[in-house]
Amino acid sequence: MATTADFKNGLFLNFNGKPCSIVWFQHVKPGKGPAFVKSKLRNLENGRILENTFTAGAKIDVIEVQRRPYQFLYKDPDGYNFMHEETYEQISLPEGLIENADLMKEGQHVEMMFWVDKDEEKCLTCELPTYVEMEITYTEPAVKGDTASTSALKEATLETGAIIMVPLFIQQGERITVNTETREYGARVK
């Protein structure tokens, strides 16, 4: 057990039975009354930010969270299948646990966060690299004069079936980088 004196950004704790990490905290010592700690906690299961005030010295339950490297193998009706890169252990995750799963292709390296609780492990998140390299399988050719009346972006279908917006100069068959957090075009790959 730890106390509020052990707070630091990034500390993982069990708050109301949910795994959370500390995003921000501030120790407050008012002129009257006891000291307290204001905090913002990120729920690791759904990503929501929770605000809470702890009394100074309150006991908190610190939890163990591990990050592990995995490789995406394939998708089947049960979900997405991954292999641990060091132990070769395979696991399957439902689509809801993976943000922007349509930007993931076979062989893609990802990082998973696990909550280790006694003898039980629970996968909390599956994070893709910030940028992935993809090939454009279909996009409309640019027509001279398009930029005068509309925005300078057009739809493009990637090799995984994902649809993103790209600049007009991008052609079918080109390789580009895509930001997996914002789903935006990054740059051409040379």
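Remember, predicted model here, so these are calculated numbers, not experimental data. Residues take numbers from 1 onward in each chain, read along the sequence in its written order. Residue-level local features of this predicted model are given only where pLDDT is at least 70; pairs of side-chain atoms are given and counted only at 80 or more, and the full residue set underlies all totals for whole chains, interfaces and linings. Side-chain calculation: all heavy atoms of the structure are included, whereas hydrogens and water are not.

Novice: Mind laying out the pattern of salt bridges, listing which residues take part and the relevant values?
Specialist: Every case where a carboxyl oxygen of Asp or Glu lies within 4 Å of a side-chain nitrogen of Lys or Arg is listed as a salt bridge. Under the defined criterion, the tally for this structure stands at eleven salt bridges. As a salt-bridge pair, glutamate 45 and lysine 18 come within 3.5 Å of each other at their nearest N and O atoms. With glutamate 45 in the loop between β4 (36–43) and β5 (49–55) and lysine 18 in strand β3 (residues 18–28), this pair connects stretches of sequence that are 27 residues apart. On the basis of relative accessibility, which here comes to 28%, the residue glutamate 45 falls in the partly exposed class. Bridged by salt links that share partners, the residues Lys105, Glu133, Glu135, Glu159 and Arg175 form one connected network. A run of DSSP states H or I qualifies as a helix once it reaches four residues; a run of E qualifies as a strand once it reaches two. Both are numbered from the N-terminal end. Buried means the residue's accessible area, taken with a 1.4 Å probe over protein chains only, is under 20% of the maximum for its type, while exposed means over 50%, and partly exposed covers the values in between.

Novice: Kindly report on a nonpolar patch on the surface, identifying the contributing residues and their values.
Specialist: Residues enter patches when their relative accessible area tops 30% and they take part in no salt bridge; the joining distance is 9 Å for like charges and 5 Å for the nonpolar side chains Val, Leu, Ile, Met, Phe, Trp and Tyr. Only the protein chains shown count as cover for residues, and all accessible areas are computed by the Shrake-Rupley method using a 1.4 Å probe. A surface patch of nonpolar side chains, about 250 Å² in accessible area, is lined by Val23, Trp24 and Ile49. In this fold, valine 23 is placed in strand β3. Judged by its relative accessible area of 35%, valine 23 is partly exposed.

Novice: Describe in detail the environment of methionine 134, supporting the description with residues and values.
Specialist: Along the chain, methionine 134 falls in strand β12 (residues 131–139). Sequence separation between methionine 134 and proline 34 is 100 residues, and the spatial gap between their C-alpha atoms is 56 Å. Here, two residues are considered to be in contact whenever any of their heavy atoms come within 4.5 Å of each other. In this view, methionine 134 contacts Leu103, Met104, Lys105, Leu158, Glu159, Thr160, Glu174, Arg175, Ile176 and Val178; residues no more than four positions away in its chain are not counted.

Novice: So what about unusual backbone geometry? Which residues, and what values?
Specialist: With phi around 55°, asparagine 16 is a residue other than glycine that occupies positive phi space. By secondary structure assignment, the location of asparagine 16 is in the loop between β2 (12–15) and β3. Backbone geometry at arginine 183 places phi at a positive 60°, although glycine is not the residue there.

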